[in-house]
Amino acid sequence: MVEVLCVGEAMAVFVPAEPGPAHEVRTWRRTVGGAESNVARALAALGVPSAFAGAVGDDAFGRALLAELAAEGVDVSRVRTDPARRTGLYVKENGDSGTVMRYYRAGSAASAMGPELLSTVDLSVVRLVHLSGITPALSPACHELVRALLEAPRGNRLVSFDVNWRPTLWAGRDPGEVAGLAALADLVLTGEDEAEQVWGTGEPARLRALLPEPATVVVKHGERGATLLERGRAPVFEPALAVDVVEPVGAGDAFAAGFLAATLRGEDARTRLRAGHLQAAATLLTRDDVSTPLPPDVVATLLRAAEPEWAAARLTVGEVRG
């Protein structure tokens, strides 16, 4: 039984293994990345049975990705190996204004995915399907795949959609395409900056008026916190934890995993938001897209902390203060 099926893109990631500008770095460390595979990995680390469905090339990077995802507890039996296309990759470069991401995904195996991928997936054994706005931007066939998953008969299954707006991927196209896909989901996650680009507003109440269809909408406000909007209930805002940030890449995927895991456990609104914040905080403390979850005792203490204690807590590498 699979609790969550994440469908999308997995990529090889190269991170500098020494300081200095990218053109001077000679040693790089290869890891795994990609929004949907990040969520699958984070869920598995939280003890949620997860699977990843996508496509990789029949190459060294593709084999490495499958091996590493499987080693982390992710079911990869639904991943297609494409003998004609390569595995995509991206490089993290250290810049004066922060991390710069360089993507090399044109012509990748993932960009050739289409609705035929559904023939390898038994949705009847899945409680939740997780998608993002990155996949439909990769190609028309990928767009069709995501729409097919959103339009497939639901039963008791939920579908979550993380907007993950990438302006470069959507250049020259109507943001309304993303808005239309989000409207078909049961649960939507978006940053307020992303919502501003797609719907013209990141203000929760105004966004909810423009996006009434999903039962649940989460608006992330960066370091300020997140707002949960659920049909028939008052909005709930929960501030984010104070974190000494090492790197922000992957924090949104981590938040999604924490929030979804708590949602599947049937937790209340505040606990679900805090679970998302805790996962995001763990990733903010590393240079990897997915990090080891915080110690269980720290998580348990902060999930049940009174509001003043939560607000006073601060996470730094190897230490929690508050």
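Above: the structure in question.
Everything numeric here is computed off the predicted structure, so don't read it as measured data.

Chemist: Is there a simple way to explain the overall build of the protein in this structure?
Modeler: Within the protein, the secondary structure is distributed over 11 helices and 17 strands. By the compact-globule yardstick of 20 Å for 322 residues, the protein fits well, its C-alpha radius of gyration being 19 Å. Considered along the principal axes of its C-alpha atoms, the protein spans approximately 55 × 50 × 40 Å. Expressed as a percentage of the 322 residues in the protein, the buried residues total 55%. For the protein, the accessible area works out to roughly 13,600 Å², and carbon and sulfur atoms hold 53% of it. The protein carries 32 positive and 41 negative side-chain charges, and their two centres are separated by 1 Å.

Chemist: Would you mind showing me how to read the sheet that holds strand 10 (residues 158–162) here?
Modeler: Strand-to-strand pairing in sheets goes through backbone hydrogen bonds, with the strands running parallel or antiparallel. Within the open sheet, the 8 strands sit side by side as 4-1-9-10-11-12-13-14. Their pairing is mixed. The outermost strands of the open sheet, each flanked by one partner alone, are strand 4 (50–53) and strand 14 (236–239). Across the sheet, the mean angle from the axis of one strand to that of its neighbour is 20°, orientation sign disregarded. Contacting strand 1 (2–7), strand 4 and strand 9 (126–132), helix 1 (residues 35–45) runs over the sheet at an angle of about 165° to strand 4.

Chemist: Even after reading the chapter, I still don't get the packing of helix 9 (residues 269–284) against helix 10 (residues 296–303), so can you show me in this structure?
Modeler: Each pair of packed helices can be summarised by the angle the axes make with each other and by the distance between the axes. Two numbers describe how helix 9 lies on helix 10: the axes approach to 10 Å, and their chain directions differ by 140°. Classified by the angle their axes make, helix 9 and helix 10 are oblique. The hand of the helix 9/helix 10 crossing is right-handed. Counted together, Thr-271, Arg-274, Ala-275 and Leu-278 of helix 9 and Val-299, Leu-302 and Leu-303 of helix 10 form the full contact between these two elements. Partitioning the contact of helix 9 with helix 10 into residue classes produces 5 nonpolar, 1 polar and 1 charged.

Chemist: I tried to follow helix 6 (residues 192–199) on my own but got confused; where do I start?
Modeler: Since one α-helical turn is 3.6 residues long, residues separated by three or four positions face the same way. Of the positions making up helix 6, those classed as buried are Glu-194, Ala-195, Val-198 and Trp-199. Down the axis of helix 6, the buried side of the element spans an arc of 100°, and every buried residue falls inside it. One or two steps after helix 6, the chain reaches Gly-200, where phi turns positive at roughly 90°.

Chemist: Any chance you could explain the pairing of strand 10 here in plain terms?
Modeler: Strand residues, when the strand is regular, have side chains that alternate between the two faces of the sheet. For strand 10, the tally of buried residues reaches 4 of 5 residues, placing the bulk of the element in the interior. Where strand 10 meets strand 11 (residues 187–191), 3 bridges bridge the pair, whose relative direction is parallel. Looking at the pairing, Asp-162 lines up with Leu-189 of strand 11. Each parallel crossover has a hand, and for strand 10 linked through helix 5 (residues 176–182) to strand 11 it is right-handed.

Chemist: Whenever I open this one, the pattern of salt bridges confuses me. Can you help?
Modeler: Pairing between side chains of opposite charge can happen when the charged atoms of each approach one another. Taken as a whole and assessed by the stated rule, the structure comprises 19 salt bridges. One salt bridge connects Lys-220 with Asp-162, and the closest N-O pair in it is separated by 4.0 Å. With Lys-220 in strand 12 (residues 216–220) and Asp-162 in strand 10, this residue pair connects regions lying 58 residues apart in the sequence. Taken as a pair, Lys-220 and Asp-162 share a single burial class, namely buried. Taken together, the shared-partner salt bridges connect Glu-230, Arg-233 and Arg-272 into one network.

Chemist: Teacher, can you tell me more about helix 8 (residues 251–264) here?
Modeler: The end-to-end C-alpha distance of helix 8, which contains 14 residues, comes to 20 Å, matching closely the 20 Å that a straight helix rising 1.5 Å per residue would cover. Most of helix 8 is tucked away, with 13 of its 14 residues classed as buried. Taken from the residues just after helix 8, Gly-266 is the one with a positive phi, measuring 80°.

Chemist: In this structure, what is going on with the packing of aromatic side chains? I would like to understand it.
Modeler: Pairs of aromatic rings are described using the distance from one ring centre to the other and the angle between the two planes. Scanning all chains against the criterion turns up 4 aromatic pairs. On the basis of an interplanar angle of 70° and a centroid distance of 5.6 Å, the ring pair of Phe-14 and Phe-61 is categorised as edge-to-face. Pair noted here: Phe-14 is in strand 2 (residues 11–16) and Phe-61 is in helix 2 (residues 60–71), with a separation of 47 residues, a long-range link. Among the residues examined, Phe-61 registers a relative accessible area of 28% and is labelled partly exposed.

Chemist: Is there a simple way to explain the packing of helix 1 against helix 8 in this structure?
Modeler: In the contact formed by helix 1 and helix 8, the axes pass within 8 Å of each other and the chain directions differ by 45°. Looking at the two axes, helix 1 sits oblique to helix 8. In this structure, the crossing between helix 1 and helix 8 has a hand that is right-handed. On helix 8, the residues that touch Ala-35, Asn-38, Val-39, Ala-42 and Leu-43 of helix 1 are Asp-253, Ala-256, Ala-257, Leu-260 and Ala-261.

Chemist: Looking at this structure, how should I read unusual backbone geometry?
Modeler: Only a minority of non-glycine residues have a phi that is not negative, and only a minority of peptide bonds are not trans. Positive phi values are uncommon outside glycine, yet Asn-164 reaches one of about 40°. By secondary structure assignment, the location of Asn-164 is in the loop between strand 10 and helix 5. Its relative accessible area of 8% is what places Asn-164 among the buried residues.

Chemist: Mind showing me how you'd approach the environment of Gly-107 here?
Modeler: Relative to the helices and strands, Gly-107 resides in the loop between strand 8 (98–104) and strand 9. Residue classification places Gly-107 among the partly exposed residues on the basis of a relative accessible area of 33%. In the structure, Gly-107 is positioned 188 residues away from Pro-295 in sequence and 40 Å away in space, judged by C-alpha atoms.

Basis of the calculations
- Within any chain, residue numbers begin from 1 and follow the written order of that chain's sequence.
- Local features in this predicted model are restricted to residues whose pLDDT is 70 or higher, and side-chain atom pairs enter the listing and the counts only when it is 80 or higher, whereas totals over whole chains, interfaces and linings include all residues.
- Excluding hydrogens and water, the side-chain figures rest on all heavy atoms present in the structure.
- Only DSSP runs of H or I reaching four residues or more are called helices, and only runs of E reaching two or more are called strands; each is numbered from the N terminus.
- Our radius of gyration is a C-alpha quantity, and the globule rule it is checked against amounts to 2.2 Å times the number of residues to the power 0.38.
- Whether a residue is buried, partly exposed or exposed follows from its accessible area with a 1.4 Å probe, protein chains only, as a fraction of its type maximum: under 20%, in between, or over 50%, in that order.
- Working definition of accessibility: Shrake-Rupley area with a 1.4 Å probe, residue cover restricted to the visible protein chains.
- Residues counted as positive are Lys and Arg, residues counted as negative are Asp and Glu, and His and the chain ends are not counted.
- A single reference atom marks each charge: NZ on Lys, CZ on Arg, CG on Asp, CD on Glu.
- Two strands pair under a simple rule: DSSP has to find at least two bridges between them.
- Between N-to-C directions, angles cover 0 to 180 degrees, with each direction set by a line fitted to C-alpha atoms, over the stretch in contact for helices.
- Here, two residues are considered to be in contact whenever any of their heavy atoms come within 4.5 Å of each other.
- Here the angle decides the label: under 35 degrees means roughly parallel, over 145 means roughly antiparallel, 65 to 115 means roughly perpendicular, and every other value means oblique.
- In this scheme the handedness of a crossing depends on how the near helix is turned from the far one: anticlockwise by less than a right angle means left-handed, clockwise means right-handed.
- Each residue is assigned to one of three groups, with Ala, Val, Leu, Ile, Met, Phe, Trp, Tyr, Cys and Pro labelled nonpolar, Asp, Glu, Lys and Arg labelled charged, and all others, Gly among them, labelled polar.
- This arc is taken over the directions from the axis of the helix to the C-beta atoms.
- Assignment of crossover handedness uses the view with strands pointing away from the viewer, where a clockwise path from the first strand over the helix to the second indicates a right-handed crossover.
- Any Lys or Arg side-chain nitrogen located within 4 Å of an Asp or Glu carboxyl oxygen qualifies as a salt bridge.
- Multiplying 1.5 Å by the helix residue count minus one yields the expected span of that helix.
- Each aromatic pair joins two rings of Phe, Tyr and Trp (for Trp, the six-membered one) with centres within 6.5 Å, and gets the label stacked for planes under 30 degrees apart, edge-to-face for over 60, and tilted for any other angle.

In short, geometric facts, not functional conclusions.
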